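For reference, the chains in residue letters:
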Amino acid sequence: MHLSPVGTNRRCFLASSALCAIVLLLIPTLQTPQRQGKLPRPLPHTRPTGGENATDNKAASNSKHSSVTSDKSQRDSGGADFLSSRAKEPLRLKDIFIAVKTTRKYHRSRLELLFQTWVSEAKEQTFIFTDGEDKDLKQKAGGSVINTNCSAAHTRQALCCKMSVEYDKFIESQKKWFCHVDDDNYVVLRSLLQLLSSYSHTQDVYLGRPSLDHPIEAPERVRSDGSTSVKFWFATGGAGFCISRGLALKMSPWASLGNFITTAEKIRLPDDCTIGYIIEALLEVPLTHTNLFHSHLENLQRMPAENVLQQVTLSYGGFENRRNVVPIAGAFSLTEDPSRFKTVHCLLYPETEWCHRSRHH
Ligand code: UDP
Ligand code: MN
């Protein structure tokens, strides 16, 4: 059969076009095995009893205004049997990198309370990110104080500068989990360990609590020119959040070595929103919503007292007008312990020396 050169060219052209189309259709499926909506699966061999309550986006959408819930674990650990996770060593506190964001003016009024309470139980893995030299603090905390040299202002740039240093120090640390908290957070280490133990640090895990009841919408200025917008959830920094090492490494192009500041400047959003943007919008890994993290934006007085010690983070606020603290009673009065952090600490660690003293007075 005779084929005219024009006909052959045309057939070749059609065939290669079809091939190109197939390849183009296949690229997204090959490149992004972790699709949005696919939440990290908790490991089957542990079942947290700390009231872990990771929820889907819809269930968490009333997180800000609803009463604080802290149900006992509703997670079905299921019958799935993952041989690889069976062989894994249990997570230890030293596998977690806890970054505390602070500023010079809060070294005495806020940090001292943290050193007296939960930080004293996690000295090796807690790192303080501040913006000014302080000899007293250095003496107390040694090498775990990091002067970021970021500006001491409460501006987007200054806060993103600190987050950028936190990220780099975590990557350097080789630890399995990155957790960020503010200096008005109490971390219940036992609950944190329990929560993180139910995931693998090699999976893509972003855990925290949104402060909004809807995803935030911002102009897309990283992947395009800002003419389209992008919607994503973010965990509020004031309640603390955690990121697995596996996921943190993937964030590197937009987060490491100053890139975090560039990314934040492009989308013109604060540090915690920028984290959410990189993870949810750019990497397409969904936030795992959990009600175990608490900022003072919530009504903390509404938390049932019996659930307080099962939470991962607590906060306090508003001593001046309306006291917004967890409703927990113990050896300290509201005047002695306005934040309730000492009371919480003595319930968790009754053997602490100053807890004893307060009992005898
Ligand atoms: N912060 C800071 N620089 C400032 C003011 C605050 O780094 O100039 C830190 C502060 O230490 C805390 C966090 O930002 O860890 C949030 O501050 P704050 O609790 O005062 O404010 P809010 O939680 O209401 O945003
Ligand atoms: Mn705060």
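Here the structure is a predicted model, which means the values were calculated and not measured. Here the residue numbers are simple positions, counted from 1 along each chain's written sequence. To read the labels, note that chains go from A and ligands from 1, taken in the order they are written. Since the coordinates come from a predicted model, pLDDT governs what is reported: local features require at least 70, and pairs of side-chain atoms require 80 or more to be given and counted, while whole-chain, interface and lining totals use all residues. Working from all heavy atoms in the structure, the side-chain values ignore hydrogens and water.

Brief notes about the coordination of the manganese ion (ligand 2)
Phase 1 of the analysis: In this description, a donor is an N, O or S atom within 2.8 Å of the metal centre, a cutoff extended to 3.2 Å for sodium, potassium and calcium. Water is not part of the atom list, which can make sites seem incomplete. Those donors, Asp 184 (OD) and His 296 (NE2), are the protein atoms that reach the manganese ion (ligand 2), and they lie 2.1 to 2.4 Å from it. Taken together, the residues span a long stretch of sequence, with Asp 184 in the loop between β5 (177-182) and β6 (185-187) and His 296 in the loop between β11 (288-290) and β12 (313-315) at a distance of 112 residues.
Phase 2 of the analysis: According to the relative accessible area criterion, His 296 is partly exposed, its value standing at 35%. Where helices and strands are cited, they refer to DSSP runs of H or I of at least four residues and of E of at least two residues respectively, numbered from the N terminus. Residue exposure (1.4 Å probe, protein chains only): buried if accessible area is under 20% of the type maximum, exposed if over 50%, otherwise partly exposed.

Looking at the site of ligand 1
Phase 1 of the analysis: Residue proximity to a molecule or strand is established when one non-hydrogen atom of the residue lies within 4 Å of it. Within the structure, ligand 1 sits among 14 residues, and Lys 101, Ala 152, Lys 162, Asp 183 and His 296 are positioned closest to it.
Phase 2 of the analysis: Within the backbone of His 154, a nitrogen or oxygen atom sits 3.3 Å from an oxygen atom of ligand 1.
Phase 3 of the analysis: What qualifies as a polar contact is a pair of N or O atoms within 3.5 Å, subject to a donor-acceptor requirement within protein and to the restriction that residues adjacent in sequence count only when both atoms come from side chains. One of the side-chain nitrogen or oxygen atoms of Asp 183 is found 2.6 Å away from an oxygen atom of ligand 1.
Phase 4 of the analysis: Computed by Shrake-Rupley with a 1.4 Å probe, the accessible areas treat only the displayed protein chains as cover when residues are assessed. Within the complex, the protein chains bury 81% of what would otherwise be the 520 Å² of accessible surface of ligand 1.
Phase 5 of the analysis: Of the residues contributing to the shell around ligand 1, the split by class is four nonpolar, four polar and six charged. Three residue categories are used. Nonpolar comprises Ala, Val, Leu, Ile, Met, Phe, Trp, Tyr, Cys and Pro, charged comprises Asp, Glu, Lys and Arg, and polar comprises the others, including Gly.

Observations regarding the confidence of the model for the protein chain
Phase 1 of the analysis: For every residue, the predictor assigns a confidence score, pLDDT, that lies between 0 and 100. Across the protein chain, the average pLDDT comes to 83, with 75% of residues at 70 or higher.
Phase 2 of the analysis: Below a pLDDT of 50 lies the segment residues 1-6, which in the model reaches two contacts outside its immediate sequence neighbourhood of four places, other chains included.
Phase 3 of the analysis: The contact rule is simple, with two residues in contact once any of their heavy atoms fall within 4.5 Å. A low-confidence stretch, residues 46-83 stays under pLDDT 50, and its non-local contacts, those more than four residues away or across chains, total 72 contacts.

So, the environment of Leu 93
Phase 1 of the analysis: You can see Leu 93 is positioned in the loop between α2 (83-86) and β2 (96-101).
Phase 2 of the analysis: Each C-alpha atom of the pair Leu 93 and Glu 124 lies 8.9 Å from the other, and the pair is 31 residues apart in sequence.
Phase 3 of the analysis: Not counting chain neighbours up to four residues away, the residues in contact with Leu 93 comprise Glu 121, Ala 122, Gln 125, Leu 189 and Leu 193.

A few points about the pattern of salt bridges
Side chains bearing opposite charge may pair, as long as their charged atoms lie close to each other.
Phase 1 of the analysis: A pair is scored as a salt bridge if a Lys or Arg side-chain nitrogen falls within 4 Å of a carboxyl oxygen belonging to Asp or Glu. Applying the stated criterion across every chain, the model contains 15 salt bridges.
Phase 2 of the analysis: One salt bridge connects Arg 110 with Asp 184, and the closest N-O pair in it is separated by 3.7 Å. Taken as a pair, Arg 110 in helix α3 (residues 107-116) and Asp 184 in the loop between β5 and β6 lie far apart in primary sequence, 74 residues in all.
Phase 3 of the analysis: Close ionic contact of Asp 204 with Lys 250 constitutes a salt bridge, the shortest N to O distance being 2.7 Å. Residue Asp 204 is found in the loop between α6 (189-197) and β7 (206-208), and its partner Lys 250 is found in helix α7 (residues 245-255); the two are separated by 46 residues along the sequence.

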